[in-house]
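Here's the letter readout for the chains.
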Amino acid sequence: MNITKTQVDALNAIVTVAITKEDYSDKVEKVLADYRKNAAISGFRKGAVPMSLIQKQYGKAVLLEEVNKVLQTSLNNYLTTEKLDILGNPLPKVTDSIDWDAENFSFDFELGLAPQFSVDLTAKNNVTKFNVIADDKMLNDQVERIQKQYGKLISQAEVKADFEVRGTFTNEEKGINAPANFGLDIFADKKVAKSFIGKKVGDVVTIGTKGLFDDDHKLMDYLKVGHDDVHGLDINVDFTIEEINEIEKAELNQELFDKLFGPGVVSSVEEIKAKIKEDAEAQFAQQADQKFLNDVTDFLIETTKFDLPEAFLKRWIQNVGETPLTAEQAEEEYAKAEKGLRFQLIEGKVMADNNLQITFEDLKAHTAELIKKQMAQFGQLNPSEDEINGIVARVMSNQDEVKRLSEQVMSEKMLGLYKEKVKTKTKEVNYEQFIKEMYGE
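Just so it is clear, the structure is predicted and the values come from calculations on it, not from any experiment.

## Observations concerning the overall build of the chain
Looking only at helices and strands, the chain features 14 helices and 11 strands. Since a compact globule built from 441 residues should have a radius of gyration of about 22 Å, the 33 Å found for the chain marks it as more spread out than a globular shape. Considered along the principal axes of its C-alpha atoms, the chain spans approximately 100 × 55 × 50 Å. Taken across its 441 residues, the chain has 35% of its residues classed as buried. For the chain, restricting intrachain contacts to residue pairs at least 6 apart in sequence, the fraction spanning at least 24 positions comes to 71%. Total accessible area on the chain stands at roughly 27100 Å², and carbon and sulfur atoms take up 48% of it. Computed over 56 positive and 78 negative side-chain charges, the separation of the two mean positions in the chain equals 2 Å.

## Some thoughts on the domain arrangement of the chain
As far as domains go, the chain holds domain 1 (2–112), domain 2 (152–248) and domain 3 (268–439). Each of domain 1 and domain 3 has a C-alpha centre, and these two points are 43 Å apart. Contact with domain 1, which involves nine residues of that partner, is made by 10 residues of domain 3. Buried area between domain 1 and domain 3, both sides added, is near 870 Å², and the carbon and sulfur share of it is 75%. If you sort the residues of domain 1 by the area they bury against domain 3, L11, L87 and L91 come out on top, with a joint share of 58%. For the pair domain 1 and domain 3, the interface holds one salt bridge. R315 is the partner of E110 in a salt bridge, and the nearest nitrogen-oxygen pair spans 2.5 Å. Taken together, the connections running from domain 1 to domain 3 amount to one residue pair in polar contact (both at pLDDT 80 or more). At the level of elements, strand 3 (86–92) and strand 4 (105–113) are the ones that each hand at least two residues to the side of domain 1 that touches domain 3. The biggest single contributor to the side of domain 1 that touches domain 3 is strand 3, with four residues.

## Comments concerning the side chain of T128
Within the secondary structure, T128 sits in strand 5 (residues 128–133). The exposure class assigned to T128 is buried, which follows from its relative accessible area of 11%. With residues near it in sequence (within four places) discarded, T128 still touches D295, K425 and K427.

## Considering the side chain of E110
Note on placement: E110 falls in strand 4. Under the relative-accessibility criterion, E110 is labelled buried at 18%. The contact partners of E110, leaving out residues within four places of it in the chain, are A13, N89, P90, L91, K93, F312 and R315.

## Some thoughts on the UniProt feature "domain: Trigger factor C-terminal" (unreviewed entry) in the chain
Under the UniProt annotation, the feature "domain: Trigger factor C-terminal" (unreviewed entry) is placed at residues 268–373. Across residues 268–373, helical content stands at 82% and strand content at 0%; the span's end C-alpha atoms are separated by 27 Å.

## Thoughts on helix 2 (residues 51–81)
Its 31 residues give helix 2 an end-to-end C-alpha distance of only 39 Å, which falls more than 12% under 45 Å, the value for a rise of 1.5 Å per residue. The largest bend along helix 2 reaches roughly 60 degrees and is located at Y58. Residues of helix 2 that are buried include every one of I54, G59, V62, L63, E66, V67, V70, L71, S74, L75, Y78 and L79, and no others. Turning to helix 2, the residues buried within the fold contact strand 1 (2–9), strand 2 (12–19), helix 1 (21–38), strand 3 and strand 4. Note on helix 2: the residue one or two positions beyond its end, K83, has a positive phi of about 55 degrees.

## Points about the sheet that holds strand 2
Ordered by their spatial adjacency, four strands build an open sheet running 1-2-4-3, and the pairing between neighbours is antiparallel. The open sheet has two edge strands with one neighbour each: strand 1 and strand 3. In this sheet, adjacent strand axes meet at a mean angle of 20 degrees when their direction is disregarded. Where strand 3 lies against strand 4, four bridges are found, and the strand directions are antiparallel. Bridged to P92 within strand 4 is F109.

## Observations concerning the packing of helix 8 (residues 269–303) against helix 14 (residues 431–438)
Where helix 8 contacts helix 14, the axes come no closer than 12 Å and their chain directions differ by 20 degrees. Considering their axes alone, helix 8 and helix 14 lie roughly parallel with respect to each other. The element helix 8 and its partner helix 14 pack so that their crossing is left-handed. For the pair formed by helix 8 and helix 14, the contact residues are F284, Q287, A288 and K291 on the first element and Y431, F434, E437 and M438 on the second. For the contact of helix 8 with helix 14, the residue count by class is five nonpolar, one polar and two charged.

## Considerations on helix 10 (residues 327–353)
Under the 1.5 Å per step criterion, the end-to-end length of helix 10 is 37 Å for 27 residues, consistent within 8% with the ideal 39 Å. When the local axis directions of helix 10 are compared, the greatest deviation, roughly 40 degrees, occurs at A337. Three or more residues of helix 10 are buried, namely A330, Y334, L341, R342, L345, I346, E347 and V350. Each element contacted by the buried residues of helix 10 is listed here: strand 3, helix 8, helix 9 (310–320) and helix 13 (399–421). Directly beyond the C-terminal end of helix 10, a positive phi value near 55 degrees is found at N355.

## A look at unusual backbone geometry
Unlike most non-glycine residues, K83 shows phi in positive territory, near 55 degrees. By the secondary structure assignment, K83 is in the loop between helix 2 and strand 3. We classify K83 as exposed; its relative accessible area is 72%. Positive phi is not limited to glycine here, since N355 has a value of about 55 degrees. For N355, the location among the structural elements is in the loop between helix 10 and helix 11 (360–377). According to the relative accessible area criterion, N355 is exposed, its value standing at 57%.

Criteria and cut-off values
- In this convention, every chain numbers its residues from 1, walking through the sequence in written order.
- Given that the model is predicted, a residue must reach a pLDDT of at least 70 before its local features are reported, and side-chain atom pairs must reach 80 or more before they are shown or counted; all residues, however, enter totals for whole chains, interfaces and linings.
- Side-chain calculation: all heavy atoms of the structure are included, whereas hydrogens and water are not.
- Numbering of helices and strands runs from the N terminus; a helix is a DSSP stretch of H or I covering at least four residues, while a strand is a stretch of E covering at least two.
- C-alpha atoms define the radius of gyration, and 2.2 Å times the number of residues to the power 0.38 defines the globule rule.
- Only protein chains enter the area calculation, which uses a 1.4 Å probe; residues under 20% of their type maximum are buried, those over 50% are exposed, and those in between are partly exposed.
- In this description, contact between two residues means that some pair of their heavy atoms is separated by no more than 4.5 Å.
- Accessibility throughout is a Shrake-Rupley quantity obtained with a 1.4 Å probe, and a residue counts as covered only by protein chains that appear here.
- Residues counted as positive are Lys and Arg, residues counted as negative are Asp and Glu, and His and the chain ends are not counted.
- Taken as the charge location is NZ of Lys, CZ of Arg, CG of Asp or CD of Glu.
- All domain edges in this entry derive from an automatic or database-based domain assignment.
- When two components associate, each loses some accessible surface as probed by a 1.4 Å sphere; the sum of these losses over both components is called the buried area.
- Only one rule defines a salt bridge in this text: a Lys or Arg side-chain nitrogen within 4 Å of an Asp or Glu carboxyl oxygen.
- N or O atoms closer than or at 3.5 Å make up a polar contact, with two conditions inside protein: a donor-capable atom paired with an acceptor-capable one, and, for residues adjacent in sequence, both atoms drawn from side chains.
- UniProt positions are given in the numbering used here, feature names are shortened, and annotations may be inferred rather than shown by experiment.
- Every helix has an expected span of 1.5 Å times one less than the residues it contains.
- A residue's bend is given by the angle between axes fitted to the 7 residues ending at it and the 7 residues starting at it.
- Whether two strands pair depends on DSSP finding at least two bridges between them.
- Interaxial angle, 0 to 180 degrees, is taken between N-to-C directions of lines fitted to C-alpha atoms, where a helix line uses only the stretch in contact.
- An angle below 35 degrees is treated as roughly parallel, one above 145 as roughly antiparallel, one from 65 to 115 as roughly perpendicular, and anything else as oblique.
- Crossing handedness is read from the near helix: turned anticlockwise from the far helix by less than a right angle, it gives a left-handed crossing, and turned clockwise, a right-handed one.
- The nonpolar class holds Ala, Val, Leu, Ile, Met, Phe, Trp, Tyr, Cys and Pro. Asp, Glu, Lys and Arg form the charged class, and all remaining residues, Gly among them, are polar.

Written out as structure tokens, the structure reads:
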């Protein structure tokens, strides 16, 4: 057995595996001997079939199988021992047909090598870290929403300005069928609001979507259309009225406070707003962190320059599946995968440079925290440690869950590292402003 590597360039190499008769002959003879013991061939007793006949009938197939086993094992061991950082898998180099009547064989494999590069987390960048606040307008709106939610619904015969309507938006061409409940003050176009006045249950109101709301993103909420479709959407939708309700708002008193937060926890509107602000800004912080992580990642992908073994990777993509792709299909798949591959390489480099690792204790603690939060949502505020540990053990016995949780833990570690090392400007915005920043508007 002899394995050699020929460096083609910084990103490509060829590994040659030379196999001699000594590497496989004993294995072939053992397999054929086992075949002979169990062979049932007419005219011969079981176990008494001549080896020459066994050799003639099975020898070539066994040779191919055993040589392939030796080849794969030796190649994998070589890659591990030499610590070669490869992309994809070794690709057999197409040569003339192999002479299986020979005793010695030589096989060439193309390798695509991972590039060498550095990642500068301290480089000047255009990333902004957002501090998203719950402003007074949001807090007042939330308090009013609570009053409506806990108020009384009084069914009415026809729509008036301060009533709420429930029904369904439809547009057959766009496949829109979206139930909705709203007050007429949601519309930016006051003419649309007026068109509802006097309507009754069963009536259909046709409205245009262009300029319907003060923010086109609200079309996503009310019409259930995707983000890519909302900007400049200019169609007519029908709204079929199914209910008309006057809402008698709940009084802001201690009875309502206790119902919302438990007895004696909150005793004034100001304290309600403080609780809303605390909860809302905790959620906003998670969204802002995710945007910061995404923006830093995009910045690093854009500015960290390195070449890839592109031609090799396209050939590998072309041949890796059960059904080979055409060159054009492989080109398309590579274009889809390139950014993700660059991200994986950059992430791996950042992890290695900063010794970011995931331990079993990290996974266990992260999983336990998620479980506690989920249980709290269902009113289980003080589960026992044994109960938590039992659920953690069950979750971590699922390899798919472990993979998903590991990605979450690593994202948290990367976020912490970026916050520490990536120097950015900070901008305070309300939630509406943040949403516009999220979508680059």
